[in-house]
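# Breakdown of the fold
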Amino acid sequence: MSKVKNLIGQARKSSLVRNTLSYTVNFGLQLVIQLAFFMLISRTLGAEGYGVFISITSTSIIAAFIIGLGSEYLLVQRVAVDPKAFPRYFGHALIMMALTLPLVAIPMIVFLHYLVGDTISLVHLSVISLTDLIFTRLVVLAAQAYMAFDKANKQLFINAFMAISKLVFLVAATSLHSKLTVSDWTWWYFASGMLSAVVAIALVIRDLGRPVMTIVREDLRLSSLYCVEFLAIGSMKDLDKPVVVHAIDAHAGGQYAAGFRIIDAASAPVRAFLYATYTRHFRHAEVGKENSYSFALKLLPVAVGLALPVAIGLFVIADYIPLVLGEDFADTPSVIKCLAFYPLLMGLSGIGADLLRAIGHQKVRMALLIFTSLALVPVVWFGAVMGGLVGAALFRFAVQSALTLLTWAAILVSRKRNTA
């Protein structure tokens with residue numbers, strides 16, 4: 001009994017446990033809000049309308065990773081080790097975002113117009129895209145700033161505020177429009193994004209300090225590597241949705257996106273754990289590579305323990321999804337079942353990715369991500385054409401499995417060389 005009390009006492013004192021719990025509450029709260037948002041918007045817009053909307057936002061969020069050239073992730077690495085460097089790297093991030101926005105926004109809007117065709121006007125398409133390219137990106141920057149200081153509770157507020165803002169504005173929009181369309185929702189979405197960004201950046205300036213507007217030229221190369229890496233990560237997460245829309249149709253794309261959205265929401269515990277341990281990889285790497293390997297291996301059983309109950313729960317609830325979302329989403333359960341173990345793969349590959357990054361194998365990690373993200377489009381397209389939604393989901397799972405295996409194969413090779 002005394003041993004149990006000691007373990008509980010140590011857990012309470014552990015900053016890792018506290019941050020993991022904070023991130024779990026963070027993603028858990030977002031999960032509840034996002035599920036409410038998702039259920040309302042999917043039922044309101046229908047599978048086809050939701051397919052169009054999610055195609056625009058998914059593609060824009062991927063492109064948004066180019067804006068700033070990875071400066072927000074560079075901020076985390078540098079400030080986690082040297083907190084006094086925050087003003088300089090915060091200013092660097094803001095300048096890089098301003099410089100790269102026009103270079104990304106114009107070709108992205110042209111591409112989206114080609115992708116969705118005449119299903120939505122160019123003006124409305126542009127507003128939705130710019131909301132994610134500007135406002136969502138600023139919210140991400142603010143969250144990363146707090147992450148660098150291990151202030152998980154502040155991240156909780158920023159992320160929850162953005163999710164609540166979308167839900168509140170959606171409720172207002174549905175109450176004022178008898179039949180809400182994607183075009184109607186556009187301006188509400190823009191207002192929600194702008195409010196979230198203003199609040200997030202204002203809080204960062206108040207709590208962490210004002211930016212020093214400068215470009216950190218010596219870190220542009222490392223920042224660019226982060227950009228490519230997280231662009232590949234974003235592609236791995238969201239690029240399959242517009243592919244399904246293009247390969248089949250918007251109705252099928254909406255059902256596929258709905259299934260993946262539920263899978264992503266259910267991954268909250270695993271994602272919280274990855275966030276809570278992210279900066280610790282860099283600190284362990286300061287001691288030595290072997291220390292980093294040991295730390296990562298200790299994390300694996302925890303990730304498995306978090307992911308397996310999620311997979312079981314997804315199998316249990318899958319068949320009830322159309323009762324909640326409507327008959328328009330009758331094929332979504334098959335997508336959920338095919339991807340039920342996706343959170344497990346996300347946890348295993350995430351730990352491996354953080355380890356490779358911390359021990360200086362950024363190029364290896366980047367190469368793996370680029371390879372799998374480039375493979376994602378033709379693989380999911382082939383799966384969708386040959387097997388419909390089930391084929392797309394299974395081939396999507398296969399790509400994630402390949403990334404996980406390749407990541408840990410690279411780690412084993414690195415450790416063998418390190419101990420040789």
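Keep in mind it's a predicted model, so treat the numbers as computed, not measured. (Residues numbered from 1 in each chain as written. Predicted model: local features only at pLDDT ≥ 70, side-chain atom pairs only at ≥ 80, totals over all residues. Heavy atoms only, no water.)

### With respect to the confidence of the model for the protein chain
On average, the protein chain scores 80 in pLDDT, and the residues at 70 or more come to 88%. Mean pLDDT across the secondary structure elements of the protein chain bottoms out at helix α1 (residues 2-13), with 48, and peaks at helix α7 (residues 182-208), with 90. (pLDDT = per-residue confidence, 0-100. Helix = DSSP H or I, 4+ residues; strand = E, 2+ residues; numbered from the N terminus.)

### Here's the deal with the pattern of salt bridges
Going through the model one piece at a time under the given rule, you end up with six salt bridges. The partner of R137 in a salt bridge is E72, and the shortest N-O contact between them spans 2.1 Å. Placement of the pair is R137 in helix α5 (residues 122-148) and E72 in helix α3 (residues 71-81), with a sequence separation of 65 residues. With respect to class, R137 is no different from E72; both count as buried. (Salt bridge = Lys/Arg side-chain N within 4 Å of Asp/Glu carboxyl O. Buried < 20%, exposed > 50% of the residue type's maximum accessible area, 1.4 Å probe, protein only.)

### Some words on the packing of aromatic side chains
Here the distance between the centres and the angle between the planes together describe a pair of aromatic rings. Taken as a whole and assessed by the stated rule, the structure comprises 11 aromatic pairs. Between the aromatic rings of F169 and W188, the centroid separation amounts to 6.3 Å while the plane-to-plane angle is 70 degrees, which identifies the pairing as edge-to-face. Taken as a pair, F169 in helix α6 (residues 152-176) and W188 in helix α7 lie far apart in primary sequence, 19 residues in all. For W188, a relative accessible area of 22% puts it in the partly exposed group. (Phe/Tyr/Trp six-rings, centres within 6.5 Å; stacked < 30°, edge-to-face > 60°.)

### Points about the side chain of R396
With respect to the secondary-structure elements, R396 resides in helix α16 (residues 362-419). Among the polar contacts made by the side chain of R396, one reaches the side chain of Y342 at a distance of 3.3 Å. (Polar contact = N/O pair within 3.5 Å; in protein donor to acceptor, adjacent residues only side chain to side chain.)

### Side note on α7
Taking 1.5 Å of rise per residue, 27 residues should cover 39 Å, and α7 covers 38 Å from first to last C-alpha, within 8% of that figure. Where α7 terminates, the next one or two residues include G209, which has phi positive at roughly 120 degrees. (Expected span 1.5 Å × (residues − 1).)

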